[in-house]
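Results of the structural survey
Read off the chains here:
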Amino acid sequence: MSLKKYFPIFVLPTLAAFLIAFVIPFLLGVFLSFTEFTTILDAQWTGISNYIKAFSNDDFLNALWFTVKFTVVSVISINIIAFALANLLTKGLKGTNIFRTIFFMPNLIGGIVLGYIWQLIINGVLKFFGVTITYDPAYGFWGLVILLNWQLIGYMMVIYIAGLQNIPSDLQEAAKVDGANRWQTLKNVTLPLVMPSVTICTFLTLTNSFKLFDQNLALTAGAPSQQTAMLALDIYNTFYSKVGWEGVGQAKAVIFFLIVAVISFTQLILTRKREVEH
Amino acid sequence: MKRIIAVMLCAVMMLLFASCGSNSNSQTNDTNKNANEIYFLNFKPEVSEVYNEIASVYEKETGVKVKVVTAASDTYETTLKSEIAKSEAPTIFQINGPVGYQGWKNYCLDLKDTKLYSYLIDKDLAVTDGDGVFGIPYVIEGYGIIYNGNIMDKYFNLPEKATDVSSVEEINNFEKLKAVVEDMTKNKSKLGIDGVFASTSMSGGESWRWDSHLASVPFYYEMKEKNSEVSTNSTAYNAKETEFKYHSNYKNLLDLYVNNSVSEKGLLSGKSVNDSMSEFALGKAAMVQNGNWAWAEISKVGGNKVDADNIGYLPLYMDIEGEENQGICIGTENYLAINSKASKEKQQASIDFLEWLFSSETGKKYVTEKLEFITPFNTFDDDETPEDPLAREVLDWMGRDVETIEWTFNSFPSQEFKNSFSDAILEYIQGTKNWDYVREAVVNSWKKERA
């Protein structure tokens, strides 16, 4: 009973931190999306006009479509490649640890730096054709896909490795004894058992690619003509390069939050269903 | 054991919170009592070190600390927006003219009664609103096509020269400029250059020389035709629409830049202003479009081959009628403003600092010798002008009997307008869109951004 009395005291520091760093800025952000403001301290209520402007803005819808395409492609490619690598590197090959380390390393480099590095590489290759990455939005698109793959595969691989190592070897042996070939073992034994890893990996890749910003800014900055600008970059541009449009940027950010929340919850529920206990 | 750890963690957390709290408390106290620290948000990255030097000299002289923060190229608005929301906000910042003022009018202090304003020779230059004065220009700058005189002389002495132009002074319209440039390209190996013009930098944030500076010329003429009574800036500021009447003239000069460039067309989107300034400094290019601020960059390049005594400007000729009498583009986009939301003491301290900088002997010395500014203030004598060759050339052009082009781009609707302009130019240069697309983009974006 006495413990309950102290409950508010123990929870206070965390609660305060959560309020200050998360809840208050979030509510303030939602509030600002209904106002016109230059800095957050002088806001004037304007109702939903910001949301109307946001949706009647072509750039925003283009960015949304571009982001969706990008997310679908990268989530699939990152997870397949990461899983394949994890599978290889749990087979007990020579030098496994070195390979794991090397594959993981790109993840330790910041997004802006990676963006510039890949811009140099891609422009270096395209130089032979006399163009640069801004020539065609498709170049920017695939450049971003390669970049994000390069960055995230190592991380996802580590999660998959952990999942694979958790599978009891007797299950696989039993499958072998029962005459299952490799493909059947993978599909019917391994995959269902690593479903928790799949859940977490798809969640991470999905949110990461949807919210991509630094890499986008450094690699293409939206060129040509904002055709490779993703949602986060479009919000940033709206916020900073139009006088009086800060509120619209904020409204876009709120919409962005809702989309990310809905998508990731749906994904979590869907993949959770397929997880099995052993 | 666990309990001890938990207690310690709690203690650490409490400490953290406590220290945060006390820190911010002491800071606010400082702000209220005295103003021994002011904050200057600098716009010009090329002279950031000089400002730090000035700050330390000023602190030694008066005890007032000047915090100087420099925004990276093309990020001034971004930096200002986030800095001004802080409790330690900039006390001195810059607005880029009437359009910039609209965004910051709640933060600009009326400077009508300051000495700084009284120093201004031409009071019309200030940014005003009603009776108030909210932005004071502090530097006059000029831009045009900067040429490397040695390379030009080499060309004029070439035996296989195909034009009858024999000095830079004879180039007084687009036709002659084009003839010379194209002939120079033909002879580029003999002249030892890779191209006549330094790269037309088009990478992100590096295209202001085309979407603002070069674009100023066609809009200057268009706005002058609309109304020749008032400044083209105020006509442009009030224009709801534009027809971009001189678009083909703009294209003339842009094409000339791109077709006679050091770099291939397709690679221009990877080039920055720094790239093209170093191409010019190293003698790989004979000309580059830029202004007198560029001297800092040119002279800093290691192995720079530009002869300070043989450098000059050509006006931006683009085949507009009467351009024989056209001068270079002279104006300013740098207006000082004082944060009206800072404490009274800080506002006064900031004004004192600026007045010191532009009227005391020490301050003036830094302005002319290190910052190399041509100032619009009457506190500077005629001999107190900067040494740098490009600034001297600007002064020279100011004295000539020519039509000076205003910086009409100060009244372009927004940064977004400039962005869509340069996006369109990029697509045109790399060949993915035609010129009509650029014209439409400019016309539509102007209308949209002004609405």
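For clarity, every value in this text was computed on a predicted model and none was experimentally measured. Counting of residues starts from 1 at the beginning of each chain's written sequence and follows it residue by residue. Note on labels: chains are lettered from A, ligands numbered from 1, in written order. Local features in a predicted model are, by the rule used here, given only for residues with pLDDT of at least 70; side-chain atom pairs are given and counted only at 80 or more, and totals for whole chains, interfaces and linings are based on all residues. Water and hydrogen atoms were dropped before computing side-chain values, which therefore reflect all heavy atoms in the structure.

The next subject is the overall build of chain B. The helix and strand labels rest on DSSP assignments: H or I over at least four residues marks a helix, E over at least two residues marks a strand, and numbering proceeds from the N terminus. Across its full length, chain B carries 18 helices and 12 strands. The quantity called the radius of gyration is restricted to C-alpha atoms. Its globule counterpart is 2.2 Å times the number of residues to the power 0.38. Rg of the C-alpha trace for chain B: 25 Å, near the compact-globule value of 22 Å for 451 residues, within the 12% margin. When the backbone C-alpha atoms are referred to their principal axes, chain B occupies close to 85 × 60 × 50 Å. Only protein chains enter the area calculation, which uses a 1.4 Å probe; residues under 20% of their type maximum are buried, those over 50% are exposed, and those in between are partly exposed. Counting every position in chain B, which comprises 451 residues, the buried fraction comes to 56%. Two residues form a contact once any of their heavy atoms are found within 4.5 Å. Sequence-distant contacts in chain B: of pairs separated by 6 or more residues, those separated by 24 or more amount to 74%. Just so you have it, chain B exposes about 19,300 Å², and 48% of that area is on carbon and sulfur atoms. Positive and negative charge centroids in chain B, built from 45 and 69 side chains respectively, lie 7 Å apart. Areas reported as accessible are Shrake-Rupley estimates using a 1.4 Å probe. Residue values count occlusion only from the protein chains shown. All tallies of charge rest on Lys and Arg as positive and Asp and Glu as negative; His and the ends of each chain are not included. Charge coordinates come from a single atom per side chain, which is NZ of Lys, CZ of Arg, CG of Asp or CD of Glu.

Moving on to the overall build of chain A. The number of helices and strands found in chain A is 12 helices and 2 strands. Helices and strands in chain A line up, N terminus first, as α-β-β-α-α-α-α-α-α-α-α-α-α-α. Referenced to the eigenvectors of the C-alpha coordinate spread, the extents of chain A come out at roughly 75 × 70 × 30 Å. Put simply, chain A has 278 residues, and 44% of those count as buried.

All names here are of chain B. Of all 6 residues making up strand E1 (residues 37-42), 5 are buried, and the element is well covered by its neighbours. With 6 bridges joining them, E1 and strand E2 (residues 65-70) adopt parallel strand pairing. Looking across to E2, one finds that asparagine 42 is bridged to threonine 70. Crossover handedness for the path E1 to helix H2 (residues 48-62) to E2: right-handed. Strand pairing requires that DSSP identify at least two bridges connecting the strands. Handedness rule for crossovers: strands pointing away from the viewer, path from the first strand over the helix to the second running clockwise, crossover right-handed.

It is worth spelling out the interface of chain B and chain A at this point. Taken together, the contact between chain B and chain A spans 29 residues of the former and 26 residues of the latter. Interface of chain B and chain A: buried area, both sides summed, is about 2,500 Å²; carbon and sulfur atoms make up 58% of it. Every case where a carboxyl oxygen of Asp or Glu lies within 4 Å of a side-chain nitrogen of Lys or Arg is listed as a salt bridge. On inspection of chain B and its partner chain A, the count reaches 1 salt bridge. Lys81(B) is the partner of Glu246(A) in a salt bridge, and the nearest nitrogen-oxygen pair spans 2.9 Å. Whenever two N or O atoms come within 3.5 Å, that pair is a polar contact, provided that in protein one can donate a hydrogen and the other can accept it, and provided that, for residues adjacent in sequence, both atoms are side-chain atoms. Our enumeration of links across chain B and chain A arrives at 9 residue pairs in polar contact (both at pLDDT 80 or more). Put simply, the parts of the chain that give the side of chain B that touches chain A at least two residues each are helix H1 (2-33), helix H3 (76-83), helix H4 (98-104), helix H17 (415-429) and helix H18 (435-450) of chain B. The element contributing the most residues to the side of chain B that touches chain A is H17(B), with 7 residues. Tallied by class, residues from the side of chain B that touches chain A come to 10 nonpolar, 11 polar and 8 charged. Two parts placed together each lose some accessible area under a 1.4 Å probe, and the buried area is that loss summed for both. Just so you know the grouping, Ala, Val, Leu, Ile, Met, Phe, Trp, Tyr, Cys and Pro go in nonpolar, Asp, Glu, Lys and Arg go in charged, and all remaining residues, Gly too, go in polar.

In this section: the domain arrangement of chain B. All names here are of chain B. How far each domain reaches was decided by an automatic or database domain assignment. In terms of domains, chain B is made up of domain 1 (35-140 + 332-380) and domain 2 (142-330 + 396-450). Each partner contributes residues to the interface: domain 1 has 12 residues there, and domain 2 has 17 residues. Both sides of the domain 1 and domain 2 interface together cover about 1,300 Å² of buried area, and 51% of this is carbon and sulfur. In this assembly, domain 1 and domain 2 are joined by 0 salt bridges. At the junction of domain 1 with domain 2, the criterion picks out 2 residue pairs in polar contact (both at pLDDT 80 or more).

Turning next to the confidence of the model for chain B. In the predicted model, chain B carries a mean pLDDT of 87, and 92% of its residues have values of at least 70. With pTM at 0.79, the complex prediction returns an ipTM value of 0.72. Confidence of the predictor in every single residue is expressed as pLDDT, which spans 0 to 100.

Another aspect to go through is the environment of Leu28(A). Along the chain, the position of Leu28(A) falls in helix H1 (residues 2-32). When the C-alpha atoms of Leu28(A) and Ile40(A) are compared, they prove to be 8.5 Å apart, with 12 residues separating the residues in sequence.

What follows covers the layout of surface pockets. Residue and element names in this part refer to chain B. The calculated volume of the second largest pocket comes to roughly 1,100 Å³. Forming the walls of the second largest pocket are 42 residues, and the residues nearest its centre are Asp122, Asp124, Leu125, Ile140 and Thr332. Residue contributions to the lining of the second largest pocket peak at 4 residues, all from helix H10 (residues 232-238). Grid points spaced at 1 Å and placed over the protein atoms alone form the basis of the search, with a cavity being a set where a 1.4 Å probe fits but cannot get out and a pocket an open set showing protein on both sides within 12 Å along at least five of seven lines. Lining residues have an atom within 4 Å of a point. Grid points are joined across faces, edges and corners, and a volume is the space filled by probe spheres set on the points.

A few words now on a nonpolar patch on the surface. Residue and element names in this part refer to chain A. Residues enter patches when their relative accessible area tops 30% and they take part in no salt bridge; the joining distance is 9 Å for like charges and 5 Å for the nonpolar side chains Val, Leu, Ile, Met, Phe, Trp and Tyr. Taken together, the side chains of Ile109, Ile112, Val113, Tyr116, Ile117, Ile121, Val125, Phe128, Phe129 and Trp150 make up a nonpolar region of the molecular surface, amounting to roughly 990 Å² of accessible area. With 6 residues, helix H5 (residues 111-126) is the largest single contributor of residues to the nonpolar patch. Inspection of the secondary structure assignment puts isoleucine 109 in the loop between helix H4 (96-104) and H5. Using a relative accessible area of 32% as the deciding quantity, one classes isoleucine 109 as partly exposed.

All names here are of chain A. Notably, alanine 221 is not glycine yet its phi reads approximately 50°, a positive angle. Checked against the element boundaries, alanine 221 lands in the loop between helix H10 (214-219) and helix H11 (231-241). The exposure class of alanine 221 is partly exposed, given its relative accessible area of 30%.

Here we come to empty space enclosed by the protein. Under the criterion given, the structure shown has 4 cavities of 30 Å³ or more. Roughly 110 Å³ of internal volume is contained in the largest cavity. What lines the largest cavity is simply Asn57(A), Asp59(A), Gln226(A), Asp234(A), Asn237(A), Thr238(A), Ser241(A), Lys242(A), Lys252(A), Glu416(B), Asn419(B) and Lys448(B). When contributions to the lining of the largest cavity are tallied by element, the ones reaching two or more residues are H11 of chain A together with H17 of chain B. Looking at the lining of the largest cavity, the element that brings in the most residues is H11(A), giving 4 residues. Within the lining of the largest cavity, the residues separate by chemical class into no nonpolar, 6 polar and 6 charged.

All names here are of chain B. The residue threonine 242 is located in the loop between H10 and helix H11 (247-259) in this model. Looking at threonine 242, the relative accessible area reads 6%, which means it is buried. Reaching out from threonine 242, the side chain makes a polar contact with the side chain of glutamate 222 at a distance of 2.9 Å. Separated by 3.0 Å, the side chain of threonine 242 and the backbone nitrogen of phenylalanine 244 make a polar contact.

What follows covers the nonpolar core. In this text, buried Ala, Val, Leu, Ile, Met, Phe, Trp, Tyr and Cys residues form a nonpolar core when linked through side-chain atoms within 4.5 Å. With 90 residues, the main nonpolar core has Met184(B), Tyr250(B), Leu253(B), Met287(B) and Phe421(B) as its most contacted residues. The biggest single contributor to this core is helix H9 (residues 208-226) of chain B, with 9 residues.

Turning our attention to the pattern of salt bridges. Residue and element names in this part refer to chain B. A full pass over the atoms with the stated rule returns 16 salt bridges over all chains. Here arginine 392 and glutamate 387 are joined by a salt bridge, their closest N and O atoms 3.8 Å apart. Between aspartate 396 and arginine 400 there is a salt bridge; the shortest N-O distance is 2.8 Å. On the basis of relative accessible area, arginine 400 is assigned to the partly exposed category, the value being 37%.

Attention now moves to the packing of H11(B) against H17(B). When two helices pack together, their arrangement is given by the angle between the helix axes and the distance between those axes. All names here are of chain B. Between H11 and H17, the shortest axis-to-axis distance is 12 Å and the interhelical angle comes to 55°. Taken together, the axes of H11 and H17 are oblique relative to one another. As H11 runs across H17, the sense of the crossing is right-handed. Across the interface between the two elements, Tyr250, Lys251, Leu254, Asp255 and Val258 from H11 touch Phe421, Ile425, Tyr428 and Ile429 from H17. Lines are fitted to the C-alpha atoms to define the axes, a helix being fitted only along its stretch in contact, and any angle between axes, read from their N-to-C directions, falls within 0 to 180 degrees. Under this scheme an angle from 65 to 115 degrees is roughly perpendicular, one under 35 degrees roughly parallel, and one over 145 degrees roughly antiparallel; angles in between are oblique. Left-handed describes a crossing in which the near helix is turned anticlockwise from the far one by less than a right angle; the clockwise case is right-handed.

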